[in-house]
Amino acid sequence: MIRSRGWATGWNAARVAIAALIVVAVVAQFVSTFNEAVARGRDTTTVVANFFSFFTILSNVSAAIVLVLLGVRFFARRRRVEVDPAGLATALAFVSTYMIVTGIVYNLLLRGLPLQPDTVGWSNEILHVWGPLFLLLDVLLGPGRRRLARAAAFGAAIFPIVWIIYTLLRAPMITNPTTGAPYWYPYPFLDPNSGGWGSVVVYIIVIALAIIALAFGVVAIGRARGIRMPRTHAS
């Protein structure tokens, strides 16, 4: 069933729908954050830059783009059930990893923290729960998965490493638009001013290892259930 044309049609339609839902959630949260900044006279340039510095936002936007590309490609090719092209397959494995990590980190480390006044509740749930859950299901059930090389999993660590470096370098140069503190960190577990650098380093190592481990898991599942079709059907 999972490799049937009907299943592929329904799943790719769901990919496009979820991507649209993620975009709506991101836009709704952005509008709320921006309006709150304007109402309180905060520096909107900093607020906008901070908004797009959250790993959650970056991973969700990336996932939405990849899901749309997969869905559009499927329907543009007259709903043929075939192996995903290498570039899209790799991108899908990476964004699946990032979204699953987003869901895990939020629900384990951040779920109990009080939300900011500008937080849109339903948007927050889509970005941290339903979006990640769909990407997890896509790993397990999505059609067209390519059997990537195991080494591809290491590539999934590149973006998070770059993001962490960017965050730690930028944070001390930004005045927190909400509290006025001379620094701004998107997540409390990255803030050395609260728990010290030792705690930050531990969190970074644990999350980095978790990302690589999850990426290997995503690739392994793709290899186990990837479509085995003649080379003439591959893209």
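Before reading further, recall that the structure is shown in the block above.
Note that the coordinates shown come from a computational prediction; the quantities given were computed from them, not determined experimentally.

Asks: Help me out: how do you make sense of the layout of surface pockets in this one?
Replies: Gaps left between atoms are located by rolling a probe of water-molecule size over the structure's atoms. Of the volumes computed, that of the largest pocket is approximately 1,100 Å³. Lining the largest pocket are 38 residues, and of these Phe54, Gln116, Thr119, Trp184 and Pro186 sit closest to its centre. Taken together, the elements giving at least two residues each to the lining of the largest pocket come down to helix 1 (5-39), helix 2 (44-51), helix 3 (55-76), helix 4 (86-110) and helix 5 (121-141). Of the residues assigned to the lining of the largest pocket, the class counts are 20 nonpolar, 13 polar and five charged.

Asks: Teacher, can you tell me more about the pattern of salt bridges here?
Replies: Two side chains carrying opposite charge are able to pair once their charged atoms lie near each other. Following the criterion strictly, the structure yields four salt bridges and no others. Arg40 is the partner of Glu36 in a salt bridge, and the nearest nitrogen-oxygen pair spans 2.4 Å. On the accessibility criterion, Arg40 (54% relative accessible area) is exposed. Two residues, Asp138 and Arg145, come together in a salt bridge whose shortest N-O distance is 2.9 Å. Residues Asp138 and Arg145 agree in their burial class; the two are buried. Linked through salt bridges whose partners overlap, the residues forming this network are Arg15, Asp138 and Arg145.

Asks: Honestly, the packing of aromatic side chains in this entry has me stumped. Any pointers?
Replies: Pairs of aromatic rings are described using the distance from one ring centre to the other and the angle between the two planes. Under the criterion given, the structure shown has 18 aromatic pairs. Ring centres 5.4 Å apart and planes at 50° place the aromatic pair Tyr98 and Phe159 in the tilted group. Separated by 61 residues along the polypeptide, Tyr98 in helix 4 and Phe159 in helix 7 (residues 158-170) bring together distant segments of the chain. Ring plane angle 45° and centroid distance 5.6 Å describe the contact between Phe189 and Tyr203, whose orientation is recorded as tilted. One end of the pair, Phe189, is in the loop between helix 7 and helix 8 (192-225); the other, Tyr203, is in helix 8, and 14 residues separate them in sequence. For Tyr203, a relative accessible area of 30% puts it in the partly exposed group.

Asks: Help me understand helix 8, please; the structure alone is not making it clear to me.
Replies: One turn of an α-helix holds 3.6 residues; hence residues three or four places apart share an orientation. Under the 1.5 Å per step criterion, the end-to-end length of helix 8 is only 42 Å for 34 residues, more than 12% shorter than the ideal 50 Å. Along helix 8, the sharpest change in direction is near 70° and occurs at Gly198. Looking at helix 8, one finds that the buried residues are Pro192, Val200, Ile204, Ile207, Ile211, Ala215, Val218, Val219, Gly222, Arg223 and Arg225. Of the surrounding elements, those touching the buried residues of helix 8 are helix 4, helix 5, helix 6 (152-155) and helix 7.

Each value, and the rule that gives it
Residues numbered from 1 in each chain as written. Predicted model: local features only at pLDDT ≥ 70, side-chain atom pairs only at ≥ 80, totals over all residues. Heavy atoms only, no water. 1 Å grid on protein atoms, 1.4 Å probe; cavity = no way out; pocket = protein on both sides within 12 Å on 5 of 7 lines; lining within 4 Å. Points joined across faces, edges and corners; volume = space filled by probe spheres on them. Helix = DSSP H or I, 4+ residues; strand = E, 2+ residues; numbered from the N terminus. Nonpolar A, V, L, I, M, F, W, Y, C, P; charged D, E, K, R; others polar. Salt bridge = Lys/Arg side-chain N within 4 Å of Asp/Glu carboxyl O. Buried < 20%, exposed > 50% of the residue type's maximum accessible area, 1.4 Å probe, protein only. Phe/Tyr/Trp six-rings, centres within 6.5 Å; stacked < 30°, edge-to-face > 60°. Expected span 1.5 Å × (residues − 1). Bend = angle between axes of the 7 residues up to and from the residue. Contact = heavy atoms within 4.5 Å.

In short, the description is geometric, and any link to function would need to be established separately.
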